[in-house]
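Each chain, letter by letter, is given below.
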Amino acid sequence: MRQFLQFISCSFLILAINCNLCAQTKKLSVDDQLLQDSIYKSNKKKVLNFSMKDFDALFFEYFNRKNNPNIVLSKTEFYNYTVQIAAFSDRLASLYPEQKEVAAQNKEKWFSENYEDYLQFKASQKK
């Protein structure tokens, strides 16, 4: 039951954040898609073995670094975070089959995160 509640709270948090980002979604370049695919393939097994504690640590590290005005993530760092967060949706879908659709939507939204949008966000922090 505790895991289910963690899943629900995690799903809600991810959906709430992603709802704000949906309007910003742009098609990724082929280079970005190839980078994402490479990161996904190299991290999928590791991420599928994440505990909720591991995921929470990754998730909050990403948001802390993303929102820190003194840090600009490289393209690889940015996609490393977003792809791992997306890949964790595969784990949630296997643990909670009734939430498979929500997990698939989360995965899709995290894969649509765009580095160019992130750079625009960082530029707006400096104003």
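Conventions used here
Residues numbered from 1 in each chain as written. Predicted model: local features only at pLDDT ≥ 70, side-chain atom pairs only at ≥ 80, totals over all residues. Heavy atoms only, no water. Helix = DSSP H or I, 4+ residues; strand = E, 2+ residues; numbered from the N terminus. Buried < 20%, exposed > 50% of the residue type's maximum accessible area, 1.4 Å probe, protein only. Contact = heavy atoms within 4.5 Å. Areas by Shrake-Rupley, 256 points an atom, 1.4 Å probe, with all protein chains shown as cover. Salt bridge = Lys/Arg side-chain N within 4 Å of Asp/Glu carboxyl O. Phe/Tyr/Trp six-rings, centres within 6.5 Å; stacked < 30°, edge-to-face > 60°. pLDDT = per-residue confidence, 0-100. Expected span 1.5 Å × (residues − 1). Arc of directions from axis to C-beta.

Visitor: I'm lost on the overall build of the protein in this one. Help?
Guide: Scanning the protein for helices and strands turns up six helices and zero strands. Reading the protein from its N end, one meets helices and strands in the order α-α-α-α-α-α. Expressed as a percentage of the 127 residues in the protein, the buried residues total 38%. Summarising the internal contacts of the protein: among those between residues at least 6 apart in sequence, 85% fall at separations of at least 24. Roughly 7,500 Å² of accessible area belongs to the protein as shown, and the carbon and sulfur atoms make up 56% of that amount.

Visitor: Even after reading the chapter, I still don't get the pattern of salt bridges, so can you show me in this structure?
Guide: Side-chain pairs of opposite charge can arise whenever the charged atoms involved come near each other. A complete count under the given rule lists four salt bridges for this structure. Note that Asp37 and Lys41 form a salt bridge whose closest N and O atoms lie 3.2 Å from each other. Here Lys41 and Asp37 lie together in helix α2 (residues 30-48), a separation of four residues that amounts to about one turn. Note that Asp90 is salt-bridged to Lys107, the shortest N-O span being 2.9 Å.

Visitor: Help me understand the packing of aromatic side chains in this model?
Guide: Each aromatic ring pair is described using two quantities: the centre-to-centre distance and the angle formed by the ring planes. A complete count under the given rule lists 16 aromatic pairs for this structure. Seen in terms of ring centroids, Phe63 and Trp110 are 6.1 Å apart; in terms of plane orientation they differ by 80°. Their pairing is edge-to-face. Placement of the pair is Phe63 in helix α3 (residues 52-67) and Trp110 in helix α5 (residues 100-111), with a sequence separation of 47 residues. Residue class for Phe63 comes out buried when judged on its relative accessible area of 13%.

Visitor: Would you take a moment to explain the confidence of the model for the protein for this structure?
Guide: Mean pLDDT over the protein stands at 86; residues scoring 70 or higher make up 80%. Here helix α1 (residues 2-21) stands out as the least confident element of the protein, with mean pLDDT 52; α3 is the most confident, with 96. pLDDT under 50 marks residues 16-24. Its contacts with residues more than four places away, or in other chains, come to ten contacts.

Visitor: Teacher, can you tell me more about α5 here?
Guide: Residue pairs spaced three or four apart in an α-helix point in one direction, given the helix's 3.6 residues per turn. For α5, with twelve residues, the first-to-last C-alpha span of 16 Å sits near the 16 Å given by 1.5 Å per residue. Residues Ala103, Asn106 and Trp110 constitute the buried set of α5. Angular distribution of buried residues about the axis of α5 spans 60°; they occupy a single face of the element. Seen from the open side of α5, the exposed residues pointing more than 90 degrees away from its buried face are Lys100, Glu101 and Glu108.

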